[in-house]
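Listed below, chain by chain, are the residues.
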2 protein chains.
Amino acid sequence: MSSDKNPDSFKELVQALAKLPGVGPKTAQRYAFYLLHVDRGIAEDLSDSIIDALRKISNCQKCNTLCEGKVCKICTDIGRDPTKLCIVESPSDLLAVEQSNAFDGLYFVLMGKVSFIDGVGPKDLGFERLFSRAEEEAVKEIIVATNFTAEGEATAQAIESLFTQHLKIKKKKLARLARGVPYGAELEYTDLGTIAQAFRERKQEG
Amino acid sequence: MSSDKNPDSFKELVQALAKLPGVGPKTAQRYAFYLLHVDRGIAEDLSDSIIDALRKISNCQKCNTLCEGKVCKICTDIGRDPTKLCIVESPSDLLAVEQSNAFDGLYFVLMGKVSFIDGVGPKDLGFERLFSRAEEEAVKEIIVATNFTAEGEATAQAIESLFTQHLKIKKKKLARLARGVPYGAELEYTDLGTIAQAFRERKQEG
């Protein structure tokens, strides 16, 4: 793109926007034109919000998710069941589980996943914190809810193999999210890996 | 979405990001998680770039496009043909024309379009500046290059009717971009409005 007609500070803004996930140079340029041309109030708001969020938000000392203050709202909620601990990859996964209303326990957010492509091994994820959290007396069941992707599977296997070696945690229940045909799916249009998984994990009834 | 588990400054950041064009709440949340979780350096860069661009970039006093300083690089380029003036809706349209390498004249950027839905009439676009620019001695040909959309057509018609009333400009050539079948198109897959336009504006050969 012959963007040498654009001013330098514009180019820098486009480059900064293009670092957002899934945003290429064309979209970044569209955002930049919008911010500078259509509504500068929105641009100021955005810059202020970023600075504000960076200043206020850090990781929960207990579950590791993003929060304002030291401990997040879920960890301090006395209505939650402290016997169940759900392990997820990211704060957005935590939010998805919350939105399903299927879980009333507590969380631990890995803030990453085992990824051989990115060179992230189990040690890089800092499982020590997860261990000390899982060892707590109150926790009776640990539910591994990593994503059903190559990386999520590798992460889950790393967690499970570490946990099964560990004496104290051995006595706790360890579970995985069920993997199978998704809600509303017709087999005709379901991918073969999902169908195969649903067969492997088929449940005996009656 | 039950996002009451998210901290307030996070929600504000999501709201600010959701004001970008074409960005809904889901995408905004993805951006926000990325900025706060994956790489905070990117978040700082983005905030700095916005502030920097807002401070440095304003409208060119001559052609109205976005630029650093008073007059943009195109308007100050002595290699451009000052007899031709191309009218476009936005700086991104200007960039598209530049990238086509089909035009070596100067520009005037409307920074808007006639839109009955948004209640923007010809008067709201401030055609006075366009007039004084078009009246300049050097300008011999005015090329209206608004988009071929309902709003772009209304804008072009408003410009043309004002120009034809105006004595001084009357003596200058007034042109529109050709509208017809796009490069690489097969008629079978071309929309009917385009084919109809190509028939209406068909050129006699030989």
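Residues numbered from 1 in each chain as written. Chains lettered and ligands numbered in written order. Predicted model: local features only at pLDDT ≥ 70, side-chain atom pairs only at ≥ 80, totals over all residues. Heavy atoms only, no water.

The next thing to look at is the overall build of chain A. Of regular secondary structure, chain A possesses eight helices and six strands. Secondary structure of chain A in N-to-C order comes out as α-α-α-β-β-β-α-β-α-β-α-α-β-α. The C-alpha radius of gyration of chain A comes to 22 Å, more than 25% above the 17 Å expected for a compact globule of 206 residues. C-alpha extents for chain A along the principal axes are approximately 70 × 50 × 35 Å. Among the 206 residues that make up chain A, the fraction classed as buried is 44%. (Helix = DSSP H or I, 4+ residues; strand = E, 2+ residues; numbered from the N terminus. Rg over C-alpha atoms; globule rule 2.2 N^0.38 Å. Buried < 20%, exposed > 50% of the residue type's maximum accessible area, 1.4 Å probe, protein only.)

The interface of chain A with chain B comprises 55 residues on the first partner and 55 residues on the second. Between chain A and chain B the total buried area reaches about 5,200 Å² when both faces are included, carbon and sulfur atoms providing 69% of it. Inspection of the chain A/chain B interface yields zero salt bridges. Run the count over chain A and chain B and you get eight residue pairs in polar contact (both at pLDDT 80 or more). Of all the secondary structure elements, the ones that give two or more residues to the side of chain A that touches chain B are α1 (8-17), α2 (25-38), α3 (40-56), β1 (57-59), β2 (66-68) and α4 (91-100) of chain A. (Contact = heavy atoms within 4.5 Å. Buried area = accessible area lost by both parts, 1.4 Å probe. Salt bridge = Lys/Arg side-chain N within 4 Å of Asp/Glu carboxyl O. Polar contact = N/O pair within 3.5 Å; in protein donor to acceptor, adjacent residues only side chain to side chain.)

Residues and elements named next belong to chain A. Checked against the element boundaries, S115 lands in the loop between β4 (106-109) and α5 (127-135). Relative accessible area serves as the criterion here: at 3%, S115 is assigned to the buried category. There is a polar contact of 3.4 Å between the side chain of S115 and the side chain of E151. Apart from the residues lying within four places of it in its own chain, the contact partners of S115 are V120 and E151.

Residue and element names in this part refer to chain B. With parallel pairing, the four strands of this open sheet are ordered in space as β4-β3-β5-β6. On the outer flanks of this sheet lie β4 (105-109) and β6 (173-176), each paired with one strand and no other. Direction aside, neighbouring strands of the sheet carry axes that sit 25° apart on average. Along the sheet, helix α5 (residues 127-135) contacts β3 (81-88), β4 and β5 (141-144); its crossing angle with β4, the most-contacted strand, is approximately 165°. Contacts between helix α6 (residues 150-165) and the sheet are confined to β3, β5 and β6, with β6 contributing the most and set at about 170° to the helix. (Pairing = 2+ DSSP bridges. Axes fitted to C-alpha atoms, helices over the stretch in contact; angles between N-to-C directions.)

Structural measurements only, silent on function.
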